[in-house]
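Below are the chains, spelled out letter by letter.
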Amino acid sequence: MKRLILFKTVGVVFAVTFTLQAQPSRGAGRGPGGMIIPVMAVLDENKDGIISIVEIQNAEKALATLDKNGDGKIDGNELRPSFGGPRGFGGPSGRSSSKGREGRGGRAFERGNEPEMKRIPPGKLDFKDGVASIPDREMFEKLSYQGPEVMVDQHLADWKFVKFQIEDVGKGEPLLYFINTKTHRGHPFFMRQIGIQRGDGSMRGVLVYRPLKKSPNGQPGMFTFEYEPNDRYPFERIKLSYEMLTKHMPYLKGKLGYYPMPRARSVYFDEKDLYDAAEFPVVLDEDLESDLGFLPLNTQESYGRLRLIETDELPTSRDIVIYKMLPNEMPRVAGVITAMRQTPLSHVNLRAIQDSVPNAFITGAAENKEITSLIGKFVYYKVTTNGYELREASADEVDKHFAAIRPAKVQTPKRDLSVKEIKSLDKIGFEDSAAFGVKATNLATLHTLGFPDGTVPRGHAVPFHFYDAFMKHNGLYGKARAMLGTESFKENRDEQIKDLKAFRKLVKSGSMPDWMMGDLAKLQKSFANGQGIRCRSSTNNEDLPDFSGAGLYDSFTHKSDEGHLAKTIKQVFASLWNFRAFEERMFYRIDHFTTAIGVLVHHNFSNELANGVAVTDDILYQTKGNYYLNTQVGENLVTNPDADSIPEELLLDWWRPSDYKVMRKSNQLKDDKLIMTGGQLEQMNRYLGKIHSKFSKLYGTTLEDIKFAMEVEFKITRDGTLSIKQARPWVY
């Protein structure tokens, strides 16, 4: 592939045309037969055989080095290719020299008439090439590479890895080299640099960090070692490798396993008895997604005080919390660590996403000494796809962090009070959210997608005007302002919790004007006698593209023996003053008095066969072209699961509705069954495609907006109907 690049060097613009070829074995700046191309050689500063964007930007300085005679020009002789390197030929004419061509530090010896560079032992390597040992994780990080530039090793793309090499195995005195993989992406580059010849019988391997996998010692994060695709080493060689790796990198003890590449799998199965008795595990492809020890649920960074929270404790917005069990409710916190595995769709994670705080499942977190030693201290906490970082921090760092993330100005939610009547969902649309709330209008929009009757519940929406009129009728706005204005409320969190609870009780006991009682009675009569009526919060402060508000407000079911529907509507109104919702608005400086709540009303589901949440993107495993599906049996909510409940996780293929992959099965079913039938999964796949397409247009996204997805709540009713009960934008 030819490239023409213009360089301005020492006041002159040079046009240099050369050919870039994907031949990594030639090394930096080499052409056929070991020919060294001067232009490419000087540009390739780190000698990895690749001219990066940074190296092109440094071209002016690099090309100036070709001006050997200092005349301000680069002439033909200075651009003429030469031959050299460990296997090249010495002398300007390309003829062999009896003295040989000197290698690094003048060390050279000859094989026949071809001079060769003397191999550098592990202990005398320059760090830019490699090291003889890795004492800790920090050193591994310095040597490792992670990214797309993996050359032929495409299966390593985006994994963090360090290449290594074992020499002289057959001589009984093997030597281990850890390669600086930031410098040398491939073994051949490293071998040429330090004088290892191809006939030396090298075992060329890769040490890969797998952050999600649980280590043999039970801690999060596992390392595996592997060899080249065509290598088929016997057990004794693999055992030797393990022993050498753990000896020269003690950090690996209890954390290392062997990953046989495809051609080596048959050798593994032939010698399985030996492997079964070995002190190290074997990790096959089918094992990589099981027995997870770490899950990055929300990749963010934060500061706060680390606390181990019991179920009856309430953390503050400046706490980074460790939970042994998932809480049913969680106020704003600075970060989350759970010792129990979460799903991406739990209220804990949805809360972490909307608050932009780090959240991860870390196995054994409450017993891990590296974590528990920091309890009670200010810490910095960061979650990435490749692990987590937790270190002690200063109070000044914490204060600066919170000052930076809070909005500077008061935010006023959009509120339309001009709509004064209850409307059926088929009379409102997506554009009416300022009067009814996004939850209600998105459900109304689902009715336009042509799903079979009964898929989307039919119902009504009570507008914000009702809440506003109710508050004014009872003088509650004034009482709320008086409460918020007291010094004890401002300064004491316990006082806030107590006073807000009393205020919610006041809301529930308030009276409604006659016209409102009449409208709600009419709405109640539209439902069949004995039918449970579900009343769901629908505010102007939730279900937004950049703020989900999940779990802030409450929904209630009105039972047939509870009298007038007004009772339950007031319960929903009161939830606007939940402590968790109040604290969230305080943090984001959202005006409490322009925040409004409507009510989405439809028949109640009962005795459903299953419930679940789907996202029109794979938000957990990060695979391409899949929907993520989380389902559980009966009424055991995916968003707030029971402590011993493990929901089912599936990936549905975008393009092939009948194709899916099981990532984890529910522990509520026997005989390895799936919760949904094949027909229901295929139906769900088609529905998700329609929902994503419709709402992506309504929210104004394009094909280039890869960070858009919809979160969809669904149920399988007792008669086997797939019912969609909610759709909102997923907040990345």
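Residues numbered from 1 in each chain as written. Predicted model: local features only at pLDDT ≥ 70, side-chain atom pairs only at ≥ 80, totals over all residues. Heavy atoms only, no water.

### Some remarks on the overall build of the protein
- Across its full length, the protein carries 22 helices and 30 strands.
- The burial tally for the protein puts 51% of its 732 residues in the buried class.
- In the protein, the proportion of contacts linking residues at least 24 apart, taken out of those at least 6 apart, comes to 62%.
- Carbon together with sulfur atoms contributes 50% to the accessible area of the protein, which is approximately 33700 Å² in total. (Helix = DSSP H or I, 4+ residues; strand = E, 2+ residues; numbered from the N terminus. Buried < 20%, exposed > 50% of the residue type's maximum accessible area, 1.4 Å probe, protein only. Contact = heavy atoms within 4.5 Å. Areas by Shrake-Rupley, 256 points an atom, 1.4 Å probe, with all protein chains shown as cover.)

### Let's talk about the sheet that holds strand E30 (residues 722–729)
- Pairing within the open sheet is antiparallel, and its six strands lie in the order E28-E27-E26-E25-E29-E30. Of all strands in the sheet, those bounded by a partner on one side alone are strand E28 (660–664) and E30. Neighbour to neighbour, the strand axes of the sheet diverge by 20° on average, direction disregarded.
- Here six bridges tie strand E25 (residues 610–615) to strand E29 (residues 710–716), and the two strands are oriented antiparallel to one another. Counterpart to Ala610 in the pairing with E29 is Ile716. (Pairing = 2+ DSSP bridges. Axes fitted to C-alpha atoms, helices over the stretch in contact; angles between N-to-C directions.)

### What to know about the environment of Lys423
- Mapped onto the elements of the fold, Lys423 is located in strand E20 (residues 423–424).
- Along the sequence, Lys423 and Leu523 sit 100 residues apart, while their C-alpha atoms lie 9.6 Å from each other.
- If we skip the residues at most four places from it in the chain, Lys423 touches Ile428, Phe436, His460 and Ala461.

### Things to note about empty space enclosed by the protein
- Summed over all chains, the structure comprises two cavities of 30 Å³ or more.
- Quantified by volume, the second largest cavity comes out at close to 30 Å³.
- Here the lining of the second largest cavity is composed, by residue class, of seven nonpolar, no polar and two charged. (1 Å grid on protein atoms, 1.4 Å probe; cavity = no way out; pocket = protein on both sides within 12 Å on 5 of 7 lines; lining within 4 Å. Points joined across faces, edges and corners; volume = space filled by probe spheres on them. Nonpolar A, V, L, I, M, F, W, Y, C, P; charged D, E, K, R; others polar.)

### A look at helix H10 (residues 347–355)
- Counting buried residues in H10 gives eight out of nine residues, a clear majority hidden from the surface.
- All of the buried residues in H10 are Val348, Asn349, Leu350, Arg351, Ala352, Ile353, Gln354 and Asp355.
- Where H10 is buried, its residues contact strand E13 (294–298), strand E16 (335–338), strand E17 (359–362), helix H21 (579–587), E29 and E30.
- At the exit of H10 stands Ser356, carrying a positive phi of roughly 55°.

### Focus on the packing of aromatic side chains
- Applying the stated criterion across every chain, the model contains 35 aromatic pairs.
- Judged by centre distance (5.1 Å) and plane angle (50°), the rings of Tyr303 and Tyr380 are tilted. Remark: Tyr380 occurs in strand E18 (residues 378–384) and Tyr303 occurs in strand E14 (residues 301–309); sequence separation between them is 77 residues.
- Judged by its relative accessible area of 16%, Tyr303 is buried.
- By relative accessible area, which is 8% here, Tyr380 ends up buried.
- Seen from their ring centres, Phe451 and Tyr687 are 4.3 Å apart, and the 35° between their planes marks the pair as tilted. With Phe451 in the loop between helix H14 (438–446) and strand E21 (459–462) and Tyr687 in helix H22 (residues 678–698), this residue pair connects regions lying 236 residues apart in the sequence.
- Using a relative accessible area of 12% as the deciding quantity, one classes Phe451 as buried. (Phe/Tyr/Trp six-rings, centres within 6.5 Å; stacked < 30°, edge-to-face > 60°.)

### A few points about the sheet that holds E21
- Reading across the sheet, the five strands line up as E20-E21-E24-E22-E23 and stay open at both edges, with antiparallel pairing between neighbours. The open sheet has two edge strands with one neighbour each: E20 and strand E23 (556–558).
- Looking at chain direction, strand E22 (residues 533–539) and strand E24 (residues 597–603) are connected through seven bridges and run antiparallel. For Arg536, the partnering residue across the bridge sits in E24 and is Leu600.
- Against the sheet, helix H15 (residues 464–473) touches E21, E22 and E24, its axis set at about 125° to E24.
- Most of the contacts of helix H19 (residues 514–525) go to E21, to which it runs at about 165°, and overall it touches E21, E22, E23 and E24.

### Remarks on the pattern of salt bridges
- In the structure shown here, the tally under the stated rule is 42 salt bridges.
- In this structure, Arg210 and Glu226 form a salt bridge, with 3.8 Å as the shortest nitrogen-oxygen distance. Of this pair, Arg210 sits in strand E10 (residues 203–214) while Glu226 sits in strand E11 (residues 220–227), and the two are 16 residues apart along the sequence.
- The class of Arg210 is buried, set by a relative accessible area of 7%. (Salt bridge = Lys/Arg side-chain N within 4 Å of Asp/Glu carboxyl O.)

### Observations concerning the pairing of E18
- As judged from the five bridges shared by E14 and E18, these two strands associate in the antiparallel manner. Residue pairing across strands places Ser302 opposite Tyr381, the latter belonging to E18.
- The sheet contact formed by E18 and strand E19 (residues 387–392) spans six bridges and is antiparallel. Bridge pairing links Tyr380 to Arg391 in E19.
- Between E18 and E19, which pair antiparallel one after the other, the connecting turn spans two residues.

### Digging into the environment of His401
- Positionally, His401 belongs in helix H12 (residues 395–405).
- Note on His401: relative accessible area 15%, which makes it buried.
- For the pair His401 and Gly304, spaced 97 residues apart in sequence, the C-alpha separation works out to 9.0 Å.
- Setting aside residues up to four positions removed in sequence, His401 forms contacts with Glu301, Ser302 and Tyr303.

### A look at the environment of Thr717
- The topology assignment puts Thr717 in the loop between E29 and E30.
- With 109 residues separating them along the chain, Thr717 and Glu608 place their C-alpha atoms 4.4 Å apart.
- If we ignore the near neighbours within four places in the chain, the residues touching Thr717 are Phe605, Glu608, Leu609 and Ser723.
- A polar contact is formed between the side chain of Thr717 and the side chain of Asp719, at a distance of 2.3 Å. (Polar contact = N/O pair within 3.5 Å; in protein donor to acceptor, adjacent residues only side chain to side chain.)

### A short note on the pairing of E28
- The sheet contact formed by strand E27 (residues 648–653) and E28 spans four bridges and is antiparallel. Bridge pairing in E28 places Leu652 opposite Tyr660.

### A short note on the nonpolar core
- Ranked by size, the top nonpolar core spans 40 residues in total, and within it Leu520, Phe573 and Trp577 carry the most contacts.
- For this core, the secondary structure elements donating two or more residues are H15, helix H16 (476–485), helix H18 (493–508), H19, E22, helix H20 (566–574), H21 and E24.
- If near-sequence neighbours (up to four positions away) are discounted, Phe573 is found in contact with Phe466, Tyr467, Phe470, Val507, Met512, Ile597 and Val599.
- In terms of nonpolar packing, the next biggest core, distinct from the first, is built from 36 residues, Ile428, Leu443, Val456 and Leu722 among them. (Core = buried A, V, L, I, M, F, W, Y, C linked by side-chain atoms within 4.5 Å.)

### Things to note about the side chain of Glu649
- With respect to the helices and strands, the residue Glu649 is situated in strand E27.
- In this view, Glu649 contacts Arg341, Leu620, Tyr621, Tyr628, Leu629, Asn630, Lys661, Val662, Met663 and Arg664; residues no more than four positions away in its chain are not counted.

### Some words on unusual backbone geometry
- Positioned with a positive phi, Asp158 is a non-glycine residue whose angle comes to about 75°.
- Accessibility expressed as a relative area gives 53% for Asp158, which makes it exposed.
- If you check the backbone angles, Gln622 has positive phi at about 60° while not being a glycine.
- Along the chain, Gln622 turns up in the loop between E25 and strand E26 (626–633).

### Describing the confidence of the model for the protein
- On average, residues of the protein score 84 in pLDDT, and 80% of them are at 70 or above.
- The low-confidence segment residues 82–114 (pLDDT under 50) makes 62 contacts with residues lying over four places distant or belonging to another chain. (pLDDT = per-residue confidence, 0-100.)

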